[in-house]
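In case you want the letters, here they are:
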Amino acid sequence: MAPTADDRRRRLGVLISGRGSNLQSIVDAIGRGRLDATIGVVISNREDAAGLARAREAGVDAVWLNPRDWAGRDAYDRALAGMLAARGVDLVCLAGFMRLVGAPLLDAFPDRVLNIHPSLLPSFPGLDAQRQALEHGVRISGATVHLVTGELDAGPIVLQAAVPVNDDDTVETLSARILVEEHRIYPEAIRLVLDGGWTVEGRRFVRRRP
Ligand code: GRF
C-alpha cells in the first residue's frame, strides 16, 4: 500500500499525568498548521488524567499505562519505550508527566525526549517550580523546553520564555501567566527539534546558523 501523507508526517508521542493543557496546545498547533506533525499516541500513567479525554476528543489514540502492572521503574520505562516505538513515534514530548524517566526510555529515543518546565531553568527544578520562584522572591520567571537527560530538569535548553513576577502574585496567578508562555513555546520547540539542523554541544542545544 502506498504511504499516505499522514504516514510521512513526523509522529509525536505525548506523555501526560493530568490536565493536558500543553497536550491541547500541541493538538491546536497541528490543527492550525503551525506544526507539521501528527500525534501517534498519548500515554498517561494515571487513569484519571483529564488529558486522556482531551486526546480522545481530538481523535488521538490515548492509553493509560498503569505503573503498578510493571515490576519497577525500568520495566515500566521499557513498556513505555516499546509502545512508543510500536506507534512509530519520532519524538517523545513529556507534558506534565509526573514521573522521572530513566535509561530504558532515554536510550530508545536518544536526544528525542522533550520536557516543558514552569521556570527559567536551571532555577527551580523539580516540583512546585512556581511556588519555589515566589518564595525565592525572583522578579522574573518563565517556562523552559529542554531535552531530557538522566538528570532532573537539567538537559540542553531548546527554548525559554520569561514572564514578570508581580508583588501580589499567588501560585495560581503566576502559574497562569507562565502557562500562556508554555502553550506558545512548546509547539515552537517541537517544530525546531523536528526540523533538525541542531546539535548538542556539551550541555548546549546549538542551532546551525542560517
Ligand atoms: C505544566 O505547568 C508543565 O510545565 C509542568 O506540568 C504542568 C502540566 O500542565 N511540567 P498540563 O497538564 O499540560 O496542563
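Scroll up for the structure.
> How do you make sense of the site of the ligand when you look at a structure like this?
Around the ligand, the neighbouring residues are R19, G20, S21, N22, G96, I116, H117, P118 and E182. For the ligand, an oxygen atom lies 2.8 Å from a polar atom in the backbone of G20. Contact distances for the ligand include 2.7 Å between an oxygen atom and a side-chain N or O atom of E182.

> Got a minute to help me understand helix α2 (residues 21–31) in this structure?
Because the α-helix completes a turn every 3.6 residues, residues three or four places apart line up on one side. Of all 11 residues in α2, 8 are buried, a share of seventy percent or more. Considered for burial, the residues of α2 that qualify are S21, N22, L23, S25, I26, V27, A29 and I30. The secondary structure elements touched by the buried residues of α2 are β1 (10–16), β2 (37–44), α3 (50–57), β5 (113–117) and α7 (171–195). Phi turns positive, to about 75°, at G33, one or two residues after α2.

> Can you help me understand the pattern of salt bridges in this one?
Side chains that differ in sign of charge can pair as their charged atoms come close. All told, the structure shown has 9 salt bridges when counted by the stated rule. Here the residues in one salt-bridge network are R10, E188, R191 and D195, joined through shared partners.

> I would appreciate a short explanation of the environment of V63 in the present structure.
In this structure, V63 sits in strand β3 (residues 62–64). Sequence separation of V63 and R78 is 15 residues, and the distance between their C-alpha atoms is 16 Å. For V63, the residues in contact, after removing those within four places along its chain, are V41, V42, I43, S44, L52, R56, M83 and R87.

> Explain the nonpolar core to me, please; I cannot follow it from the model alone.
Note that soluble globular proteins tend to have their nonpolar side chains buried in a common cluster. One finds L12, I39 and I190 to be the most contacted residues of the largest nonpolar core, which totals 44 residues. Those residues in contact with I190 that lie beyond four places of it in its chain are L12, I26, L35, L91, C93 and L114. Counting residues in each nonpolar core, the second largest holds 21 residues, with I43, L65, M83 and L105 among its members.

> I'm lost on unusual backbone geometry in this one. Help?
Leaving glycine aside, a negative phi is the common case for residues, and trans is the common case for peptide bonds. Residue P122 is bonded to the preceding L121 through a cis peptide linkage, with omega at 15°. Tracing the backbone shows P122 in the loop between β5 and α6 (129–136). If you check the backbone angles, D153 has positive phi at about 55° while not being a glycine. Along the polypeptide, D153 turns up in the loop between β6 (140–147) and β7 (157–164).

> Quick question: what am I supposed to make of the packing of aromatic side chains here?
The relation between two aromatic rings is expressed through the spacing of the ring centres and the mutual angle of the planes. A complete count under the given rule lists 2 aromatic pairs for this structure. Geometrically, the ring pair formed by W70 and Y76 is edge-to-face, given 5.8 Å between the ring centres and 70° between the ring planes. A relative accessible area of 31% places W70 in the partly exposed class. Take Y76: its relative accessible area is 0%, and that puts it in the buried class.

> Honestly, the pairing of β2 in this entry has me stumped. Any pointers?
The side chains of a regular strand alternate between the sheet's two faces. By the criterion of burial, β2 is predominantly enclosed, with 8 of the 8 residues buried. Note that β1 and β2 share 7 bridges and pair parallel. The residue bridging I16 from the neighbouring strand is S44, located in β2. For the handedness criterion, the β-α-β arrangement of β1, α2 and β2 is classed as right-handed. Judged from the 3 bridges that link them, β2 and β3 form a sheet pairing that is parallel. What sits directly across from V42, in β3, is A62. What joins β2 to β3 is α3, and the crossover it makes is right-handed.

> Before we go on, may I ask you to explain the sheet that holds strand β4 (residues 91–94) in this structure?
Across a sheet, strands are paired by hydrogen bonds formed along the backbone, either parallel or antiparallel in direction. Read across the sheet, 7 strands follow the order β3-β2-β1-β4-β5-β6-β7 without closing on themselves; strand pairing throughout is mixed. Here the strands that pair on one side only, and so sit at the sheet edges, are β3 and β7. Going across the sheet, the axis of each strand differs from the next one's by a mean of 20°, ignoring polarity.

> What's the story with the pairing of β5 in this structure? I'm lost.
For β5, the tally of buried residues reaches 5 of 5 residues, placing the bulk of the element in the interior. Where the polypeptide runs from β4 across helix α5 (residues 103–108) and back to β5, its parallel neighbour, the crossover connection is right-handed. Note that β5 and β6 share 4 bridges and pair antiparallel. Within β6, the residue paired with H117 across the bridge is T144.

Procedures and definitions
Residues numbered from 1 in each chain as written. Predicted model: local features only at pLDDT ≥ 70, side-chain atom pairs only at ≥ 80, totals over all residues. Heavy atoms only, no water. Near = heavy atom within 4 Å. Polar contact = N/O pair within 3.5 Å; in protein donor to acceptor, adjacent residues only side chain to side chain. Buried < 20%, exposed > 50% of the residue type's maximum accessible area, 1.4 Å probe, protein only. Helix = DSSP H or I, 4+ residues; strand = E, 2+ residues; numbered from the N terminus. Contact = heavy atoms within 4.5 Å. Salt bridge = Lys/Arg side-chain N within 4 Å of Asp/Glu carboxyl O. Core = buried A, V, L, I, M, F, W, Y, C linked by side-chain atoms within 4.5 Å. Phe/Tyr/Trp six-rings, centres within 6.5 Å; stacked < 30°, edge-to-face > 60°. Pairing = 2+ DSSP bridges. Right-handed = clockwise from strand over helix to strand, strands pointing away. Axes fitted to C-alpha atoms, helices over the stretch in contact; angles between N-to-C directions.

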